[in-house]
Amino acid sequence: MPPRQRILRHATVTRTERISPQLIRLTLDSPDLVGAELPFTDHYVKLLFPPPDAPYAHPVDPEQVSAEFPEHPPMTRTYSLRHRDTIRGTIALDFVTHGDTGLASPWALQAKPGDRINYFGPGGAWRPDPSYKHFILAGDEAASPAICAALEELPEHADATAFFEVADRSAVFEVPQVERVTIVWLFRDGAPYGHKLAQAVRATTIPTGRTSWFVHGVAEMIKDLRRYLFVERTIAK
Ligand SMILES: Cc1cc2nc3c(=O)[nH]c(=O)nc-3n(C[C@H](O)[C@H](O)[C@H](O)COP(=O)(O)OP(=O)(O)OC[C@H]3O[C@@H](n4cnc5c(N)ncnc54)[C@H](O)[C@@H]3O)c2cc1C
């Protein structure tokens, strides 16, 4: 099978907003998305960055870079679509800001209206399936955009519990207020990423009706919860 072709798209920052001490929301115009089919709540984009010390800047055109600077290939970072509007061609991305290391966090911290960035995508594969009665969603700050997007598109007859693990009490941010949804905040307060989340999911009562799970975060927590759900609780995959 030939490799799937990646589509290069273009975006321009129109708004920056701090939504918590750790999270910055960037709204971007991406006219390429007008009329696009984006049916999922876990859609994500692969933002293209010049590597450190690259002799080129944003917006990155990978073909041009490969022709002119093959020794400095662009780097990608993955971000979920918190909002998508395919009528206007706009998206919103929530960035965890973790200081001046890396590429995406420093870029988001300094972004201002008019800044341009290219990306591949959006990819995506999951949305709340209306054949389920219950949803359990769990993740840390980086998973929160996809979880919030899912809460906004919950089937009318379904209920959900959403676990959000954040640094501490001051890190709570606004999440969709949806009837039938229970929000549980978990504060790391210095504990390793994923520990409190895994404990809370293990302690939750599993509903008796058909239940769908969306759990995202650090690899150890995912491994632990996969074992819990699929081996210990023998939930069907
Ligand atoms: C499908 C998918 C969707 C994602 N969606 C989002 C999203 O919507 N929002 C989001 O913020 N992230 C999201 N992520 C995670 C994000 O892609 C990574 O955190 C990314 O590596 C950050 O890039 P960076 O250049 O800022 O830092 P990197 O260059 O990757 O890392 C630099 C340093 O920062 C640390 N670091 C990186 N990320 C974090 C973090 N979240 N918290 C604390 N320290 C960190 C690293 O351990 C490293 O020490 C998603 C990942 C996937 C796979």
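None of these values were measured; they are calculated from a predicted model.

What counts and how
- Residues numbered from 1 in each chain as written.
- Predicted model: local features only at pLDDT ≥ 70, side-chain atom pairs only at ≥ 80, totals over all residues.
- Heavy atoms only, no water.
- Helix = DSSP H or I, 4+ residues; strand = E, 2+ residues; numbered from the N terminus.
- Buried < 20%, exposed > 50% of the residue type's maximum accessible area, 1.4 Å probe, protein only.
- Salt bridge = Lys/Arg side-chain N within 4 Å of Asp/Glu carboxyl O.

Engineer: Looking at this structure, how should I read unusual backbone geometry?
Structural biologist: Excluding glycine, residues mostly carry a negative phi; peptide bonds, for their part, are mostly trans. With an omega of -5 degrees, the peptide bond between His58 and Pro59 qualifies as cis. Relative to the helices and strands, Pro59 is located in the loop between β3 (44-49) and α1 (62-68). In this chain, Gly121 is followed by Pro122 through a cis amide linkage whose omega measures 0 degrees. Along the chain, Pro122 falls in strand β7 (residues 116-123). Positioned with a positive phi, Asp53 is a non-glycine residue whose angle comes to about 65 degrees. Considering the arrangement of structural elements, one finds Asp53 in the loop between β3 and α1. With a relative accessible area of 74%, Asp53 lands in the exposed category. At Arg180, a position not held by glycine, the phi torsion is positive, near 75 degrees. On the secondary structure map, Arg180 appears in the loop between β9 (159-166) and β10 (181-187). Judged by its relative accessible area of 36%, Arg180 falls in the partly exposed class.

Engineer: So what exactly am I meant to see when it comes to the pattern of salt bridges here?
Structural biologist: When the charged atoms of two side chains lie near each other, side chains of opposite charge can form a pair. Here the structure, examined in full by the defined rule, presents 12 salt bridges. A salt bridge links Lys112 to Asp115; its shortest N-O distance comes to 3.0 Å. In this structure, the salt-bridge partner of Glu232 is Arg202, at a minimum N-O distance of 3.2 Å. Pair noted here: Glu232 is in helix α5 (residues 219-232) and Arg202 is in helix α4 (residues 195-203), with a separation of 30 residues, a long-range link. For Arg202, a relative accessible area of 29% translates into the label partly exposed. Here the residues in one salt-bridge network are Arg202, Asp224, Arg227 and Glu232, joined through shared partners.

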